[in-house]
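# Topology and contacts: notes
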Amino acid sequence: MGYKPIVDYIDTQFENFLEEELKIIRSLYNYHDSRIHICLYFIAPTGHSLKSLDLVTMKKLDSKVNIIPIIAKADTISKSELQKFKIKIMSELVSNGVQIYQFPTDDEAVAEINSSMNAHLPFAVVGSSEEVMIGNKMVRARQYPWGVVQVENESHCDFVKLREMLIRVNMLDLREQTHARHYELYRRCKLEEMGFKDTDPDNEPFSLQETYVAKRKEFIGELHLKEEQMRQMFVNKVKETEAELKEKERELHERFEMLKQTHQEEKWNLEEKRRDFEEEMNTFNRRKVAAEMLQSFQSSSAIKKDKEKKT
């Protein structure tokens, strides 16, 4: 979801502060407090209902940070539509249980102005990076063909009211709300996750030492369990590897025996062929000798006959 990175970032700042707070030697007096004290949630100037994503996001954030809803680009809708849009936004926030930051009215010094500003929520603002000459003064404004919308003109938008409320009137209260409400909620939930409580089931004061010892035993138990699981995994892996090696060894042995048998058969075949060949050679040699003797005998007989005829 789109709100998760925002929630994670806010929680990270709380976590950093909690880590510093839990140190044995703390230095909170010079610690750089990076906790988020205000979230200006900008709403598109549609003039219609809030988007479901806006409601879900603000609901996820309202327990983490002080939220002030802001209507962006307020010069894109008319004054009458803007007022109706403000009323509709506040109604939807209330009906959906979204807790936005309310300017405090318990201090008499700021009660009147804060009550007035609460009635202006959500603030409608206009932003600009350009400056325009109005009379003899350069002011930050938006230039349109039909006129000029001044950022710091209270009749044009609520930017000045927003700035006054945040920086000059309620900055201290915003920081106090962050610490007393949002951070304390985070701290309580975090410590409860770690097993720390104020009282035990018998409503007796909870011993920090006992909690530490119990959590340490639990941690050591989990560590031993993980070690045993890793050892068992290693043993199983070794057994699997040994079984694979034995299987490969058996396959190699079978292949070797097969090759050995094939080689022996081929050797026998060659030996048989060699014997056949030698036998054929011997037969051929005997026939050759016989033929040569026959030829020699015939030659001798012919010579003898010729001598007889001459005598």
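The shown structure was predicted, so the numbers you read here are calculated from the model rather than taken from an experiment.

About the criteria used
- Residues numbered from 1 in each chain as written.
- Predicted model: local features only at pLDDT ≥ 70, side-chain atom pairs only at ≥ 80, totals over all residues.
- Heavy atoms only, no water.
- Helix = DSSP H or I, 4+ residues; strand = E, 2+ residues; numbered from the N terminus.
- Expected span 1.5 Å × (residues − 1).
- Buried < 20%, exposed > 50% of the residue type's maximum accessible area, 1.4 Å probe, protein only.
- Arc of directions from axis to C-beta.
- Contact = heavy atoms within 4.5 Å.
- Salt bridge = Lys/Arg side-chain N within 4 Å of Asp/Glu carboxyl O.
- Pairing = 2+ DSSP bridges.
- Axes fitted to C-alpha atoms, helices over the stretch in contact; angles between N-to-C directions.
- Left-handed = near helix turned anticlockwise from the far one by under 90°.
- Nonpolar A, V, L, I, M, F, W, Y, C, P; charged D, E, K, R; others polar.
- Lys, Arg positive; Asp, Glu negative; His and termini not counted.
- Core = buried A, V, L, I, M, F, W, Y, C linked by side-chain atoms within 4.5 Å.
- Patch = residues over 30% accessible without salt bridge, like charges linked within 9 Å, V, L, I, M, F, W, Y side chains within 5 Å.
- Areas by Shrake-Rupley, 256 points an atom, 1.4 Å probe, with all protein chains shown as cover.
- Charge placed at Lys NZ, Arg CZ, Asp CG, Glu CD.
- Right-handed = clockwise from strand over helix to strand, strands pointing away.

The end-to-end C-alpha separation of helix H3 (residues 79-95) is 24 Å, in line with the 24 Å expected for 17 residues at 1.5 Å each. Among the residues of H3, those classed as buried are Leu82, Phe85, Lys86, Ile89, Met90, Glu92 and Leu93. Projected down its long axis, H3 shows its buried positions confined to an angular sector of 165 degrees, all on one face. Facing away from the buried surface of H3 by more than 90 degrees, the exposed residues are Lys84, Ile87, Val94 and Ser95. Along its buried surface, H3 packs onto strand E1 (39-43), helix H2 (52-61), strand E2 (67-71) and strand E3 (123-124). Among the residues trailing H3, Gly97 stands out with phi positive, at a value near 70 degrees.

Here we take up the pattern of salt bridges. Scanning the model with the defined rule gives 19 salt bridges in all. The salt bridge involving Lys59 is made with Asp62; its shortest N-O contact spans 4.0 Å. Relative accessible area serves as the criterion here: at 40%, Lys59 is assigned to the partly exposed category. Across the pair Glu154 and Lys161 runs a salt bridge whose closest N-O atoms are separated by 3.3 Å. Each of the salt bridges in this network shares a partner with another, and the network as a whole consists of Lys86, Glu154, Asp158 and Lys161.

With antiparallel pairing, the three strands of this open sheet are ordered in space as E4-E5-E6. Of all the strands in the sheet, just strand E4 (131-134) and strand E6 (147-150) have a single pairing partner and so form its edges. Taking the axes of each pair of neighbouring strands and ignoring which way they run, one obtains an average angle of 65 degrees across the sheet. Note that E4 and strand E5 (residues 137-144) share four bridges and pair antiparallel. Note that in E5 the partner of Val132 across the bridge is Val139.

This part is about the packing of helix H4 (residues 108-118) against helix H5 (residues 159-169). Two measures define how a pair of helices packs: the angle their axes make with one another and the distance between the axes. Between H4 and H5, the least distance of the axes is 11 Å, while the angle of their chain directions is 145 degrees. Between H4 and H5 lies a crossing whose hand is left-handed. On H5, the residues touching Val110, Ile113, Asn114 and Met117 of H4 are Lys161, Met165 and Val169. For the contact of H4 with H5, the per-class residue count stands at five nonpolar, one polar and one charged.

For the peptide bond that leads from Leu121 to Pro122, omega is -10 degrees, which places it in the cis range. Of note, Pro122 is situated in the loop between H4 and E3. Phi at Lys73 takes a positive value of approximately 50 degrees, unusual for a residue other than glycine. Along the chain, the position of Lys73 falls in the loop between E2 and H3.

Quick look at the environment of Lys267 now. You can see Lys267 is positioned in helix H7 (residues 208-310). With relative accessibility at 49%, the residue Lys267 sits in the partly exposed group.

With respect to the helices, strands and loops of the structure, Asp11 is situated in helix H1 (residues 4-21). Here Asp11 falls in the buried class, since its relative accessible area comes to 16%. Setting aside residues up to four positions removed in sequence, Asp11 forms contacts with Lys64 and Tyr186.

Turning next to the side chain of Asp173. Of note, Asp173 is situated in helix H6 (residues 171-193). Here Asp173 occupies a buried position and makes no salt bridge, while the nearest side chain of opposite charge, Arg181, is found at 9.1 Å. The residues contacting Asp173, other than those within four sequence positions of it, are Tyr101 and Pro104.

It is worth spelling out the nonpolar core at this point. By size, the foremost hydrophobic cluster in this structure holds 43 residues, and its most contacted members are Ile67, Ile68, Leu93, Phe103 and Phe123. At the level of secondary structure, the elements contributing two or more residues to this core comprise H1, E1, H2, E2, H3, E3, H5 and H6. Excluding residues that lie within four positions of it along the chain, Ile68 makes contacts with Ile38, Cys39, Leu40, Tyr41, Tyr101, Phe103, Leu121, Phe123, Leu162 and Leu166.

The next thing to look at is a negative patch on the surface. Together, Glu272, Asp276, Glu279 and Glu280 give the surface a local cluster of negative charge. Examined against the element boundaries, Asp276 turns out to sit in helix H7.

Burial analysis of E2 places five of its five residues in the buried class, which makes it a mostly covered element. Covered by surrounding structure in E2 are Ile67, Pro69 and Ile71 together with Ile68 and Ile70, the residues of both alternating faces. As for the winding sense of the linkage, the β-α-β connection from E1 through H2 to E2 is right-handed. As defined by bridge partners, E2 adjoins E3 across two bridges and the pair is classed as parallel. Bridged to Ile71 within E3 is Ala124.

From the geometry alone we can't say anything about function, so treat these as descriptive.
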